[in-house]
Amino acid sequence: TQLLEQSPQFLSIQEGENLTVYCNSSSVFSSLQWYRQEPGEGPVLLVTVVTGGEVKKLKRLTFQFGDARKDSSLHITAAQPGDTGLYLCAGALGGYQKVTFGIGTKLQVIP
Amino acid sequence: GAGVSQSPRYKVAKRGQDVALRCDPISGHVSLFWYQQALGQGPEFLTYFQNEAQLDKSGLPSDRFFAERPEGSVSTLKIQRTQQEDSAVYLCASSRVVGGPGETQYFGPGTRLLVL
């Protein structure tokens, strides 16, 4: 059983479409992070959310942390082929920042 | 250095062989993590170092796995008597300080291990 459930696991969309990826858990996290990973590379941090209800924007990406700090979403507006990759959410339960990753959402944006 | 580096990038081992995977963290980073990422999965925590001290090894799957960071910088993950189920990408990450919500972990490119 995954501590963090991500959905959908696979998503293939046309360039210009919008999409939302979800990350859910029954645990409360001190912080939640979103990473993007490309084949053959390690994950690269996109954003960290810390406060319940927090919303952060990174260009066309909008990240939201749930009020109870148990879930998060990533919304991409007007997806581009360069957005293709594996999107991972990871929750930290406190202390030294040991994080637990979700299974990831594999996004393909078709030109 | 500019980022976290790992070597080798690829390793093919025969079942039963011992392997050693190296991680060079960003200079001055206190915390170092090892993760295992199986195909189609997210990374799973293996172990954590704060300087040279291994403070958490709860994720190591068996006593065949051993990690060290003797001088608080470079770390080595050793797998003895490799098994086919050890095939995965092994990721190393480092962070500047200890703890605190939102402390960024910087990942290396990983070592892809294939056990035949």
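To be clear, the structure that these remarks concern was listed above.
Residues numbered from 1 in each chain as written. Chains lettered and ligands numbered in written order. Predicted model: local features only at pLDDT ≥ 70, side-chain atom pairs only at ≥ 80, totals over all residues. Heavy atoms only, no water.

**Student:** Requested: an account of the environment of B:Y35, with residues and values cited.
**Tutor:** Residues and elements named next belong to chain B. Among the structural elements, Y35 can be located in strand 4 (residues 31-37). Using a relative accessible area of 0% as the deciding quantity, one classes Y35 as buried. Sequence separation between Y35 and L113 is 78 residues; the distance between their C-alpha atoms is 13 Å. At 2.9 Å, the side chain of Y35 and the side chain of Q105 are in polar contact. (Helix = DSSP H or I, 4+ residues; strand = E, 2+ residues; numbered from the N terminus. Buried < 20%, exposed > 50% of the residue type's maximum accessible area, 1.4 Å probe, protein only. Polar contact = N/O pair within 3.5 Å; in protein donor to acceptor, adjacent residues only side chain to side chain.)

**Student:** Got a sec to walk through the side chain of B:Q6? Specific residues and values, please.
**Tutor:** Residues and elements named next belong to chain B. Inspection of the secondary structure puts Q6 in strand 1 (residues 5-7). Looking at Q6, its side chain comes within polar contact range of the main-chain nitrogen of C92, at 3.0 Å. At 2.9 Å, the side chain of Q6 forms a polar contact with the backbone nitrogen of G110. Those residues in contact with Q6 that lie beyond four places of it in its chain are R22, C23, W34, Y90, L91, C92, G108, P109, G110 and T111. (Contact = heavy atoms within 4.5 Å.)

**Student:** Could you give me a rundown of the state of the cysteines, with the residues and numbers involved?
**Tutor:** All names here are of chain A. In total, this model carries two disulfides over all chains according to the counting rule given. Between the sulfur of C23 and that of C89 lies a disulfide, 2.0 Å long from S to S. Across the disulfide from C23 to C89, rotation about the S-S bond amounts to roughly 75 degrees, and the bridge is consequently right-handed. A residue pair is termed long-range when its members are at least 10 positions apart, and C23 in strand 3 (residues 19-24) and C89 in strand 9 (residues 85-92) qualify at 66 residues. You'll find C23 and C89 in the same group, each marked buried. (Disulfide = S-S within 2.5 Å.)

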